[in-house]
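# Per-entry structural report
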Amino acid sequence: MIQNNRLKNLLVALSADEGAAHDAALDYALGLAQAYQSRVTAYVFAPALLQPFPLTLGSSSVWISQETDRIETLSGQAAQSIQQRASKLGVPINVEHAHSPFDDRYSRFIALARLHDLTVLQAIDPSGSNTSRTAIEHALFDAGCPVLITSHGKFETPKKVAIAWDGSVQAARAVRCSLDLLLEADHVAIVTVVDTKGSEGLRSADELMTYLSLYGIKAEIAVIAAVPGDDEGLPVRQFVANQQMDLLVMGAFVHSRMRQAILGGMTRSLLEDCPVPIVMSH
């Protein structure tokens, strides 16, 4: 167990539509909680509403009653499974879930994320529902909390960590939020991507290395070349895979907030396809 850390309370969010007790994010969060002696809050998103919505007043009231019962049943079953899973591992946990089809789907989740040290979420499945993507966006851009995104169910203390460094405020915040994880690493690589215009991150990589050394974290700088094409995350993804990294730390970027968060190119690329868990902060 890791003593004297700042990961006191973790939030994990899951969907009642899927097997919550076997969710990779839940397994990872519970393993992380065991290692860091953290308390966990689990929030179960309500299942998707059945469509179509009936048009007549009489049938609408029946539909509302049926959907309320269905949501309560599925969400309650998921909450019970999560509670049992945590109890077997000896992890203290509090489970919440929606009770009505008219509950705002994300407002309670956002409020919880704002008062937790780290939110653990399932990686985006490009072919699946948008629940994971929307939850990640809300946690990053509305809750202002660091988010760990994973498709790996088993937590193992990251011994090789890559920091995608571009000198931005987002990247700097991600590093500070990840210090408890970085302190346990044996190898930390500060990864900067350069193109024909150079790299902002390379100018401050030495200063980041000095900053980390104050915490006893030894790091080295890895300079990689940008790859032509639309996949901005490819060079970082290739580096992480080739160097067999256990964790990636990076800032999250957004292009527009007019309606819904539109993730920046590298952020979107790595969220949709990354071989290791990612800690992100905005």
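Everything in this summary refers to the structure shown in the same document. As the structure is a prediction and not an experimental result, all values here were calculated from the model.

Across its full length, the chain holds nine helices and twelve strands. Put simply, of all contacts in the chain between residues at least 6 apart along the chain, 77% involve residues at least 24 apart. Counting every atom, the chain has about 13600 Å² of accessible surface; 51% of that belongs to carbon and sulfur.

When you line up the elements, S38 lands in the loop between α1 (24-36) and β2 (39-45). Here S38 falls in the buried class, since its relative accessible area comes to 3%. A distance of 2.4 Å separates the side chain of S38 from the backbone oxygen of L7, its partner in a polar contact. In this structure S38 touches L7, K8, L10, L32, A33, V91 and P92, once residues within four positions along its chain are discounted.

Next up on the list: the nonpolar core. If you look at the biggest cluster of nonpolar residues, it comprises 49 residues, and the most contacted ones within it are V12, I163, L182 and L212. Not counting residues up to four positions away in its chain, the partners in contact with L212 are I163, V175, L179, L182, V188, I190, I217 and A219. Core analysis: the next-biggest nonpolar cluster, separate from the first, contains 43 residues, F45, A123, A139 and I278 among them.

Right, let's talk about α1 for a bit. With 13 residues, α1 ought to run about 18 Å at 1.5 Å a step, and its terminal C-alpha atoms sit 18 Å apart, in line with that. Taking burial as the measure, the 13 residues of α1 include twelve buried ones, the bulk of the element. Sitting at the head of α1, D23 places a side-chain oxygen 2.7 Å from the backbone nitrogen of A25. Positive phi appears at Q37, one or two residues downstream of α1, with a value of about 55°.

Moving on: the sheet that holds strand β8 (residues 219-225). Strand order in the open sheet formed by ten strands is β3-β2-β1-β4-β5-β12-β9-β6-β7-β8, with mixed pairing between adjacent strands. In this open sheet, the two edge strands, each paired with only one partner strand, are β3 (93-97) and β8. Going across the sheet, the axis of each strand differs from the next one's by a mean of 25°, ignoring polarity. Relative to β3, β2 is paired through five bridges, and the arrangement is parallel. Directly across from T41, in β3, lies its bridge partner N94. Its contacts with the sheet put helix α7 (residues 200-213) on β6 (160-164), β7 (187-194) and β8, and the angle it makes with β7 is roughly 165°.

It is worth spelling out the packing of aromatic side chains at this point. Evaluation of the coordinates by the stated rule reveals five aromatic pairs. For the ring pair F45 and Y106, a centre distance of 5.1 Å and an interplane angle of 55° mean the geometry is tilted. Placement of the pair is F45 in strand β2 and Y106 in the loop between β3 and α3 (107-113), with a sequence separation of 61 residues. Look at Y211 and Y215: their rings are 5.5 Å apart centre to centre, the planes differ by 65°, and that puts the pair in the edge-to-face class.

This part takes up the pairing of strand β1 (residues 9-15). Burial within β1 is extensive, with six of its seven residues counted as buried. Note: β1 against β2, seven bridges, orientation parallel. Looking across to β2, one finds that S15 is bridged to F45. With three bridges joining them, β1 and strand β4 (residues 118-122) adopt parallel strand pairing. Bridging from a neighbouring strand, L11 pairs with T119 of β4.

At Q37, a position not held by glycine, the phi torsion is positive, near 55°. Assignment of secondary structure puts Q37 in the loop between α1 and β2. By relative accessible area, Q37 is classed as partly exposed at 40%. You will see that Q244, though not glycine, has its phi angle at about 55°, which is positive.

In the structure shown here, the tally under the stated rule is six salt bridges. D180 is the partner of R6 in a salt bridge, and the nearest nitrogen-oxygen pair spans 3.0 Å. With R6 in the segment before β1 and D180 in helix α6 (residues 179-182), the pair connects residues that are 174 residues apart, well separated along the chain. Under the relative-accessibility criterion, D180 is labelled buried at 7%.

How each quantity is defined
- Residues numbered from 1 in each chain as written.
- Predicted model: local features only at pLDDT ≥ 70, side-chain atom pairs only at ≥ 80, totals over all residues.
- Heavy atoms only, no water.
- Helix = DSSP H or I, 4+ residues; strand = E, 2+ residues; numbered from the N terminus.
- Contact = heavy atoms within 4.5 Å.
- Areas by Shrake-Rupley, 256 points an atom, 1.4 Å probe, with all protein chains shown as cover.
- Buried < 20%, exposed > 50% of the residue type's maximum accessible area, 1.4 Å probe, protein only.
- Polar contact = N/O pair within 3.5 Å; in protein donor to acceptor, adjacent residues only side chain to side chain.
- Core = buried A, V, L, I, M, F, W, Y, C linked by side-chain atoms within 4.5 Å.
- Expected span 1.5 Å × (residues − 1).
- Pairing = 2+ DSSP bridges.
- Axes fitted to C-alpha atoms, helices over the stretch in contact; angles between N-to-C directions.
- Phe/Tyr/Trp six-rings, centres within 6.5 Å; stacked < 30°, edge-to-face > 60°.
- Salt bridge = Lys/Arg side-chain N within 4 Å of Asp/Glu carboxyl O.

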